[in-house]
Amino acid sequence: MKIALFTETYLPYINGVVTHVKILKEGLEKLGHQVLVICADPDTNKHFIKNGVLHCPGMSFKKFYDYGLALPISPERLKYLELFEPDVIHIHNEFGIGLSGAMIAKSLHVPLIYTLHTMYDEYLYYVAPKPFIPMAKRTTHKYARFLSERATALTGPSKKVEEFFRSIGITKPVHIIPNPVELDIFKSIHLTPEEKSAFRKKYGVQDDDMLVCFCGRLGREKSVDILLKYWAEHVKPTDKMKLFIIGDGPSHQELQELATQLGIQNMVIFVGKVMHSDIAPYYACCDLYITASLSDTNSISMLEGMATGLPVLHIYDELNTGQVRPGVNGDIYRNSKEMYSLLQKYRDMPAEEMQALRQSVQASVETAGAEDLARNLLAVYEECLSEWDPDEKK
């Protein structure tokens with residue numbers, strides 16, 4: 001099968017969507033399929049294909065997750081897709097490239113699959129002043145309906161996506177397909193006790209400290225401020241716990257100032273930006289992964305932590321139920337008191353029990369690899385093709 005994957009940005013830029021598309025491409029190719037990734041590239045002024053990626057001239061939109069922005073209409077892009085002759089077109093974003101994919105699918109009379117990765121209601125503050133948020137929300141909902149109505153199939157990484165589609169009036173079935181993780185990278189990372197100790201000491205973390213990490217873009221939608229406030233309510237220096245914040249973003253400075261205001265700056269380490277290719281040792285030197293984000297749809301960073309063996313503490317999120325299962329791969333907390341109680345539980349857990357739990361955590365993501373993702377989506381593609389009548393759509 002020939003599959004065209006449309007994404008607003010791609011390597012070397014990194015975000016959750018890029019990682020998802022990269023892993024999907026690799027999985028599909030391992031299973032013998034031909035894949036072309038179409039992305040906006042702010043570093044070129046002409047279309048060209050390299051290593052299975054069609055680079056399209058675009059502008060950088062660094063304010064929003066390093067997305068590239070390209071014009072949706074391009075005769076040259078259409079010619080490349082005509083030559084590729086895709087069996088299906090799969091769009092992963094909603095901007096210029098995503099809209100381009102929807103239009104090209106219609107032009108070539110092939111099924112269109114639309115995956116919603118991002119809860120945009122949580123991100124509107126990036127593009128609209130607060131008084132204009134309600135108007136911006138109505139606009140984004142109308143646009144999402146436009147794409148959804150034209151799609152042959154809808155997919156998303158969690159029930160949160162299905163709930164969003166229902167809230168904007170879309171009644172089509174939604175295929176819930178969990179996000180992938182690069183198991184070969186994160187499951188295989190092993191640090192010796194000496195390497196782990198040396199790595200932690202670079203950041204002022206002692207061998208007997210419990211190191212609890214969060215990894216992600218530091219924007220308001222990730223709710224790192226909630227983590228800091230919860231931490232300040234109960235955790236004391238004598239508890240021997242450190243919070244490891246990995247990542248950068250528009251809220252970085254604000255969050256550092258908040259940690260100082262809360263008096264926890266000596267218990268919180270802001271690592272800053274780490275290249276994705278270098279991230280595995282950071283997880284490997286930690287003891288737990290923690291998040292208070294309600295904007296994520298099956299966070300890839302969280303899955304990477306799990307693949308490394310980190311139990312996850314996740315704030316209660318009804319629409320992400322089942323991703324974190326107490327006793328299997330972590331625990332759920334609803335408030336600061338519950339969070340602190342769980343931190344103490346993991347800190348005091350006997351070494352043998354913790355090791356068994358870490359193995360259970362890794363086992364919980366065993367079916368989240370590249371080929372698993374590819375097979376799940378191939379089932380969607382094949383269903384679309386089996387029901388597809390191109391003559392009806394002309």
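Asker: Any chance you could explain helix H2 (residues 75–84) here in plain terms?
Answerer: Because an α-helix completes one turn every 3.6 residues, residues spaced three or four positions apart along the sequence face the same direction. Those residues of H2 that sit buried are Arg-77, Leu-81 and Phe-84. Each buried residue of H2 sits inside an arc of 55° when the element is viewed along its axis, so together they form one side. In this structure, H2 carries Pro-75, Lys-79 and Leu-83 as exposed residues pointing more than 90 degrees from its buried face. If you follow the buried residues of H2, they end up packed against strand S1 (2–7), strand S2 (34–41), strand S4 (53–57) and helix H3 (96–108).

Asker: Would you explain the sheet that holds strand S9 (residues 153–156) in this entry?
Answerer: Sheet strands line up and pair through hydrogen bonds in the backbone, either parallel or antiparallel. The strand order across the open sheet built from 8 strands is S3-S4-S2-S1-S7-S8-S9-S10, with neighbouring strands paired in mixed fashion. In the strand order of this sheet, the two ends are held by strand S3 (48–50) and strand S10 (174–176), each with one partner. Going from strand to strand, the sheet's axes swing by 25° on average, the running direction of each strand aside. The pairing of S2 with S4 spans 5 bridges and is classified as parallel. Within the sheet, the bridge partner assigned to Cys-39 lies in S4 and is His-55. In the packing of helix H1 (residues 16–30) onto the sheet, contacts are made with S1, S2 and strand S7 (88–91), and the angle to S1 comes to roughly 170°.

Asker: Can you walk me through the pattern of salt bridges in this structure?
Answerer: Pairing of side chains with opposite charge becomes possible as their charged atoms draw close. Scanning the entire structure with this criterion turns up 20 salt bridges. Here Glu-366 ties to Lys-187 by a salt bridge, and the two come within 1.9 Å at their closest N and O atoms. Residue Glu-366 is found in the loop between helix H13 (351–363) and helix H14 (370–386), and its partner Lys-187 is found in the loop between helix H6 (183–186) and helix H7 (193–201); the two are separated by 179 residues along the sequence. Of the residues examined, Lys-187 reaches a relative accessible area of 30% and is grouped as partly exposed. In this structure, Arg-200 engages Asp-287 in a salt bridge whose closest nitrogen and oxygen atoms are separated by 3.4 Å. A residue pair is termed long-range when its members are at least 10 positions apart, and Arg-200 in helix H7 and Asp-287 in the loop between helix H10 (280–284) and strand S14 (288–291) qualify at 87 residues. With respect to burial, Arg-200 and Asp-287 carry one shared label: buried.

Asker: Please clarify how the sheet that holds strand S11 (residues 210–215) should be interpreted in this entry.
Answerer: Read across the sheet, 6 strands follow the order S13-S12-S11-S14-S15-S16 without closing on themselves; strand pairing throughout is parallel. Unpaired on one side and paired on the other, strand S13 (268–272) and strand S16 (330–333) mark the two borders of the sheet. Direction aside, neighbouring strands of the sheet carry axes that sit 25° apart on average. As defined by bridge partners, S14 adjoins strand S15 (residues 312–315) across 3 bridges and the pair is classed as parallel. Paired with Thr-291 across the two strands is His-314, which belongs to S15. Each of S11, S14 and S15 is contacted by helix H11 (residues 300–307), which is oriented at about 155° to S15, the strand it contacts most. Most of the contacts of helix H12 (residues 336–347) go to S16, to which it runs at about 160°, and overall it touches S11, strand S12 (241–246), S14, S15 and S16.

Asker: It is not clear to me how the pairing of S13 should be interpreted in this structure. Could you clarify?
Answerer: Consecutive residues of a regular strand have side chains that alternate between opposite faces of the sheet. A large share of S13 lies buried, amounting to 5 of its 5 residues. With burial as the criterion, each face of S13 is covered, one bearing Val-268, Phe-270 and Gly-272 and the other bearing Ile-269 and Val-271. As judged from the 4 bridges shared by S12 and S13, these two strands associate in the parallel manner. Note on S13: the bridge partner recorded for Leu-243 is Val-268.

Asker: Quick question: what am I supposed to make of the side chain of Asn-329 here?
Answerer: With respect to the secondary-structure elements, Asn-329 resides in the loop between S15 and S16. Polar side-chain contacts of Asn-329 include one of 3.1 Å to the backbone oxygen of Gln-323. The contacts of Asn-329, once residues within four sequence positions are left out, are Met-306, Pro-311, Val-312, Gln-323, Val-324, Val-361 and Ser-364.

Asker: Help me understand the nonpolar core in this model?
Answerer: Grouped together as the largest cluster of nonpolar side chains are 64 residues, with contacts concentrated most on Leu-228, Trp-231, Phe-244, Ile-246, Tyr-289, Tyr-333 and Leu-343. The dominant element in this core, judged by the number of residues it contributes, is S11, at 6 residues. Beyond its immediate stretch of four places on either side in the chain, Leu-343 contacts Met-210, Val-212, Trp-231, Val-235, Met-241, Leu-288 and Leu-313. With 32 residues, the next largest nonpolar core counts Ala-144, Ala-151, Phe-164 and Phe-165 among its residues.

Asker: Please explain the packing of aromatic side chains as it appears in this structure.
Answerer: Aromatic ring pairs are described here by two measures, namely the spacing of the ring centres and the angle between the planes. Counted according to the given criterion, the structure contains 12 aromatic pairs. Taken together, a centroid distance of 6.3 Å and an interplanar angle of 10° make the contact between Tyr-143 and Phe-146 stacked. Here Tyr-143 pairs with Phe-146, and both are found in helix H4 (residues 133–150), just 3 residues apart, close to one helical turn. Take Tyr-143: its relative accessible area is 27%, and that puts it in the partly exposed class. Look at Phe-186 and Tyr-283: their rings are 5.8 Å apart centre to centre, the planes differ by 65°, and that puts the pair in the edge-to-face class. Of the two residues, Phe-186 is situated in helix H6 and Tyr-283 in helix H10; the sequence distance between them amounts to 97 residues. According to the relative accessible area criterion, Phe-186 is buried, its value standing at 1%. Taken together, the ring pairs in this structure connect Phe-186, Phe-214, Tyr-283 and Tyr-289 into an aromatic cluster. Of note, Lys-2 hangs over the ring of Phe-84, and the distance from its end group to the ring centre comes to 5.7 Å. Sitting over the face of the ring of Phe-199, Lys-202 holds its NZ or CZ atom 4.7 Å from the ring centroid.

Asker: What is the right way to read the pairing of S14 from this model?
Answerer: Side chains Leu-288 and Ile-290 of S14 all project onto a buried face; the interleaved residues Tyr-289 and Thr-291 project onto the opposite face, where all are buried too. Where S11 and S14 come together, 2 bridges link them in parallel fashion. Bridging across to S14, Cys-213 finds its partner in Tyr-289. With H11 bridging S14 and the parallel S15, this β-α-β connection has right-handed handedness.

About the cut-offs
- Residues numbered from 1 in each chain as written.
- Predicted model: local features only at pLDDT ≥ 70, side-chain atom pairs only at ≥ 80, totals over all residues.
- Heavy atoms only, no water.
- Buried < 20%, exposed > 50% of the residue type's maximum accessible area, 1.4 Å probe, protein only.
- Helix = DSSP H or I, 4+ residues; strand = E, 2+ residues; numbered from the N terminus.
- Arc of directions from axis to C-beta.
- Contact = heavy atoms within 4.5 Å.
- Pairing = 2+ DSSP bridges.
- Axes fitted to C-alpha atoms, helices over the stretch in contact; angles between N-to-C directions.
- Salt bridge = Lys/Arg side-chain N within 4 Å of Asp/Glu carboxyl O.
- Polar contact = N/O pair within 3.5 Å; in protein donor to acceptor, adjacent residues only side chain to side chain.
- Core = buried A, V, L, I, M, F, W, Y, C linked by side-chain atoms within 4.5 Å.
- Phe/Tyr/Trp six-rings, centres within 6.5 Å; stacked < 30°, edge-to-face > 60°.
- Lys NZ or Arg CZ within 6 Å of the ring centre and 35° of its normal.
- Right-handed = clockwise from strand over helix to strand, strands pointing away.

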